[in-house]
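Notes for the structure review
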Amino acid sequence: MTPRISVTSDVHFGKPCVSGTRITVQNVLELVREGLTPSAIQSDYYPDLEGEDIRACVRYAIDLIALDDLRVAEAA
């Protein structure tokens, strides 16, 4: 994983956040999903974030999916 993302039980109930903030990875990814650029995310929503923080959120999600063993149920 990355040092830019932290998981602490007393911050947002253990949801992954950008280190040193209460900004969740989920919140950042939702903005990315909506098509916002990193500069728009920074200027319109989270001015304290750096571009590398946003990229770290995307990498975190990709790494999480890569670690998971996804199984598809057969249709009955």
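Quantities reported herein were computed from a predicted structural model and do not represent experimental measurements.

1. Focus on the confidence of the model for the protein chain
- Per-residue confidence for the protein chain gives a mean pLDDT of 91; residues scoring 70 or more make up 89%.
- When the elements of the protein chain are averaged for pLDDT, helix H3 (residues 51-67) gives the smallest value, 93, and helix H1 (residues 25-33) the largest, 97.

2. A look at unusual backbone geometry
- Not every positive phi belongs to a glycine, and His12 is a case in point at roughly 50 degrees.
- By the element assignment, His12 lies in the loop between strand E1 (5-6) and strand E2 (17-18).
- Classification of His12 by relative accessible area gives partly exposed; the value is 28%.
- The phi dihedral of Phe13 falls on the positive side, at around 55 degrees, and the residue is not glycine.
- Checked against the element boundaries, Phe13 lands in the loop between E1 and E2.

3. Some words on H1
- Taken as a whole, H1 has its buried residues at Val25, Val28 and Leu31. End-on view of H1: buried residues confined to an arc of 130 degrees, all on one side of the axis.
- Those residues of H1 hidden inside the fold are in contact with E1, E2, helix H2 (38-44) and H3.
- The positive-phi residue at the C-terminal boundary of H1 is Gly35, with phi of around 95 degrees.

Calculation criteria
- Just so you know, the residues in each chain are numbered from 1, in the order the chain's sequence is written.
- Local features in this predicted model are restricted to residues of pLDDT 70 or higher, and side-chain atom pairs are both shown and tallied only at a pLDDT of 80 or more, whereas totals for entire chains, interfaces and linings draw on every residue.
- Hydrogens are left out, water is left out, and the side-chain values use all remaining heavy atoms of the structure.
- On a scale of 0 to 100, pLDDT captures the predictor's confidence in every residue.
- Secondary structure counts use DSSP, requiring at least four H or I residues in a row for a helix and at least two E residues in a row for a strand, with both numbered from the N terminus.
- Buried, partly exposed and exposed residues are distinguished by accessible area as a fraction of the type maximum, computed with a 1.4 Å probe on protein chains only: under 20%, between the cut-offs, and over 50%, respectively.
- An arc is given here, and it is the one of the directions from the helix axis to the C-beta atoms.
- Here, two residues are considered to be in contact whenever any of their heavy atoms come within 4.5 Å of each other.

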